[in-house]
Structures are given as structure tokens and as C-alpha cells.
Amino acid sequence: MDNELITTTRWWKTNWKWFLPTCIVLFTVGAIVIGTTSINSTVTDFAQAYSDNSLYNKAIQKGNANQRVKEVLGAIEPIDKLAILEGDTKYTNDNTAVTITVRIKGSKANGKMDISAYKNGTEWEYKKITVRIKQPKEEIAIIN
């Protein structure tokens, strides 16, 4: 009979070589999946906003009809496609409601336009349109 002493080693000491890399890989994959999901929704919102000209054109018309906007900004030019990409767009309720912030250019000054609208059939109905100006710092409510 052998009188050898049986020594046991701790689990971490024998298994760290495969456990640690596995945890790192799982964490990385999880972060990529979560990041991709949020990026996809943002890209989809911008693509939809980019293609929906009627939403902006009617808001610009309403802005140009406001006397205070005419005094401060002058006539608002049509929104270019780059302004849409620079702004912030969020669609909700199966893409029937939207909240958008986009930069606008007037003949006298520049500003930002905040639009909140919902789609009724094929037409957009505006809940809120606000024009923000930095100099002088002012917020003009076109529709509340």
C-alpha cells in the first residue's frame, strides 16, 4: 500500500485558463449584440426621416407663416438632407409618431426646429412645433 499524500488544488487554480477567456468572450458578444440593436433602431429612424419630405415641408410652411419667426429668422429655407442627419429623430408607435429636432436656416439667422407629430392615415398631424434661436436666446412656439 502506498502512503502518498493526496493533495487537492482549488478550482480556480486549475480552471482559470479557460474560464477567464470564456467570460471575456461572452461579455464582448453581449455588448456587441446590445450595441447593434440600438444602432439599428437609430439608423432606421434616420432613414425613415430622410425619406419623408412632407413632414418637414409642412412644418417649414407653418414656421414661415408665423410672424415672430419671420421677424427673427426671416424666411426659412427648405431643410437639406444633411440637416436631417445632424438632427435627432425618434419614431414610436409602429412609426406613426415622431419627435424630431433639426437645424434650420433663415434669411436673417439660423436656429433649430423641434417637431412632434403623429400620422393620421397618410397625413402628418402636428402636436408641437417649436423654433429655438441662440441669438437672441428665444423659443417660439408655433404649435403647442
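Not measured: the values here are computed from a predicted model. (Residues numbered from 1 in each chain as written. Predicted model: local features only at pLDDT ≥ 70, side-chain atom pairs only at ≥ 80, totals over all residues. Heavy atoms only, no water.)

A.B. asks: I'm lost on helix α2 (residues 53-64) in this one. Help?
C.D. replies: Since the α-helix packs 3.6 residues into each turn, any two residues three or four apart lie on the same face. Taking 1.5 Å per residue as the helical rise, α2 with its twelve residues ought to reach 16 Å, and the 16 Å between its terminal C-alpha atoms agrees with that figure. For α2, the set of buried residues is L55, Y56, A59, I60 and G63. One face of α2 carries all of its buried residues, which in axial projection span an arc of 120 degrees. (Helix = DSSP H or I, 4+ residues; strand = E, 2+ residues; numbered from the N terminus. Expected span 1.5 Å × (residues − 1). Buried < 20%, exposed > 50% of the residue type's maximum accessible area, 1.4 Å probe, protein only. Arc of directions from axis to C-beta.)

A.B. asks: Before we go on, may I ask you to explain the nonpolar core in this structure?
C.D. replies: A general trend in soluble globular proteins is that nonpolar side chains are found buried together. By size, the foremost hydrophobic cluster in this structure holds 27 residues, and its most contacted members are L55, M113, I115 and V131. If you list the elements that add at least two residues to this core, you get α2, α3 (67-72), α4 (81-86), β2 (97-105), β3 (110-120), β4 (123-133) and β5 (138-143). Not counting residues within four places of it along the chain, the set of residues in contact with V131 comprises V69, L73, I104, K112, M113, E138, E139, I140 and I142. (Core = buried A, V, L, I, M, F, W, Y, C linked by side-chain atoms within 4.5 Å. Contact = heavy atoms within 4.5 Å.)

A.B. asks: Please explain the pairing of β3 as it appears in this structure.
C.D. replies: The two faces of a sheet get side chains in turn, since along a regular strand they alternate between them. Both β2 and β3 contribute to a ladder of nine bridges, which runs antiparallel. Within the sheet, the bridge partner assigned to I104 lies in β3 and is G111. Between β2 and β3, which pair antiparallel one after the other, the connecting turn spans four residues. Examined bridge by bridge, β3 and β4 share nine bridges and lie antiparallel to one another. Paired with D114 across the bridge in β4 is T130. (Pairing = 2+ DSSP bridges.)

A.B. asks: I tried to follow the side chain of T130 on my own but got confused; where do I start?
C.D. replies: Tracing the chain through its elements places T130 in strand β4. When residues no more than four places from it in sequence are discounted, the contact partners of T130 are K112, M113, D114, E139 and I140.

A.B. asks: How do you make sense of the sheet that holds β5 when you look at a structure like this?
C.D. replies: In a beta sheet, neighbouring strands are held together by backbone hydrogen bonds and run either parallel or antiparallel to one another. Ordered by their spatial adjacency, five strands build an open sheet running β1-β2-β3-β4-β5, and the pairing between neighbours is antiparallel. Edge positions in the open sheet fall to β1 (88-92) and β5, since each of these has one partner strand only. Neighbouring strand axes in the sheet, compared pairwise and without regard to direction, differ in orientation by 20 degrees on average. Sheet contacts for α2: β1, β2, β3, β4 and β5; angle to β4, the most-contacted strand, approximately 55 degrees. (Axes fitted to C-alpha atoms, helices over the stretch in contact; angles between N-to-C directions.)

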